[in-house]
Amino acid sequence: MDLLAPRSQRRTLDELHDRLDFTVGDTRSKRSAFWIMLTLSSVIAISGVIGDSTATVIGAMIVAPLSVPILGVALGIATGRATLVGRSLLLVAMGVLLVIVVGYLFAQVLPNPTNVLSNSQVLGRTSPKLMDLTAALATGLVGVIAMIRRDVGDVLPGVAIAISLVPPLAVVGVCLGSHAPSLALGAFILFASNMIAMIITATVVLVATGYAHEAGVGEARRGHAYAVLAAALALVAVPMVVNSLSSLWADRIANATREWLTDIPGAQVTEVTLHSDTATVNVLAPTDLPAVEQLQRKVDDIVPWNPRVVIVHTVGSRTENR
């Protein structure tokens, strides 16, 4: 595996322990830096979420202290150090709790917290798709390579942005504080998928590049951890697959609705949401709509479980100044 980690640029096992184990070296400095940076990252992320500012949220992504204990979990699995895995997981759990609590408290002082739930920063993180998991696996691979090689450290800010850890947790806290637990669950699934993907890719790379052999650990000692990771990956993948399929069906329902509205000049489909056995279609049109039964038949031909179609008709039309 010299391609992933050339010997001349490969960090030693001791160097990785020094970077990822908070009980090695200057522990007090490591811990204070972690908590200070995580708190500041939380405030930045929550401010960006509430203010619907993509640039601010990106700033919070760059300050990414949670990636350190997450990679510590992978190192502990690869080298057979259960104590490192336990300590790192505890640190991650405490960090997760901190970000969620800060987000919850921020939501309590908002004049109208329900407005936050409709902004792009929240909506973009509460319905994760399967492609989000694919991206997390790929960026996790880049992250661990950057960690074990001395010559690619410059890509770490980009990796931090790609693997979104703090912003989804900020959304969890804000949604809980705004009394929207279902949205909070979606955002937490996004965080969990990113974390699990990072641990899996990091573990695979650390084993493949010889760190497990260097630590004298065989496959048998890692078998239980592999089973747990596989189960966790399947657990977060299920709702992501469901969201992906729902998005696909919603697009097909939107196309069917446009065909249904062909004879009405200026009619537009503004939004389609698919939840369980109900498809809600928002339509902007200046006149009365055709019989809903016609659209229902089209949807029945498209979606296997025949959801009930609900039309939300806004009377009017959209004009643009040129």
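For the structure given in this document, a descriptive report is provided here. (Residues numbered from 1 in each chain as written. Predicted model: local features only at pLDDT ≥ 70, side-chain atom pairs only at ≥ 80, totals over all residues. Heavy atoms only, no water.)

### A closer look at the environment of arginine 87
Here's step 1: Relative to the helices and strands, arginine 87 resides in helix α5 (residues 82-108).
Here's step 2: Classification of arginine 87 by relative accessible area gives partly exposed; the value is 33%.
Here's step 3: Measuring from C-alpha to C-alpha, the distance between arginine 87 and threonine 201 comes to 20 Å, with 114 residues separating the pair along the chain.
Here's step 4: The residues contacting arginine 87, other than those within four sequence positions of it, are Asp21, Thr23 and Arg81. (Helix = DSSP H or I, 4+ residues; strand = E, 2+ residues; numbered from the N terminus. Buried < 20%, exposed > 50% of the residue type's maximum accessible area, 1.4 Å probe, protein only. Contact = heavy atoms within 4.5 Å.)

### Looking at the environment of aspartate 263
Here's step 1: Within the secondary structure, aspartate 263 sits in the loop between α12 (219-260) and β1 (268-275).
Here's step 2: By relative accessible area, aspartate 263 is classed as exposed at 73%.
Here's step 3: Taking the C-alpha atoms as reference points, aspartate 263 and isoleucine 58, 205 residues apart in sequence, are found 45 Å from one another.

### Some points on the packing of aromatic side chains
Here's step 1: Scanning the model with the defined rule gives four aromatic pairs in all.
Here's step 2: Note on phenylalanine 22 and phenylalanine 34: the rings are 5.5 Å apart at their centroids and 85° apart in plane angle, and the pair reads as edge-to-face. Of this pair, phenylalanine 22 sits in the loop between α1 (13-20) and α2 (27-50) while phenylalanine 34 is found in helix α2, placing the two residues 12 residues apart along the sequence.
Here's step 3: Owing to a relative accessible area of 4%, phenylalanine 34 belongs among the buried residues under this scheme.
Here's step 4: Pairing phenylalanine 34 with tryptophan 35 gives two aromatic rings, centres 5.0 Å apart and planes at 80°, and the pair type is edge-to-face.
Here's step 5: An aromatic cluster of at least three residues, connected via ring pairs, comprises Phe22, Phe34 and Trp35.
Here's step 6: Of note, arginine 10 hangs over the ring of tyrosine 211, and the distance from its end group to the ring centre comes to 3.9 Å. (Phe/Tyr/Trp six-rings, centres within 6.5 Å; stacked < 30°, edge-to-face > 60°. Lys NZ or Arg CZ within 6 Å of the ring centre and 35° of its normal.)

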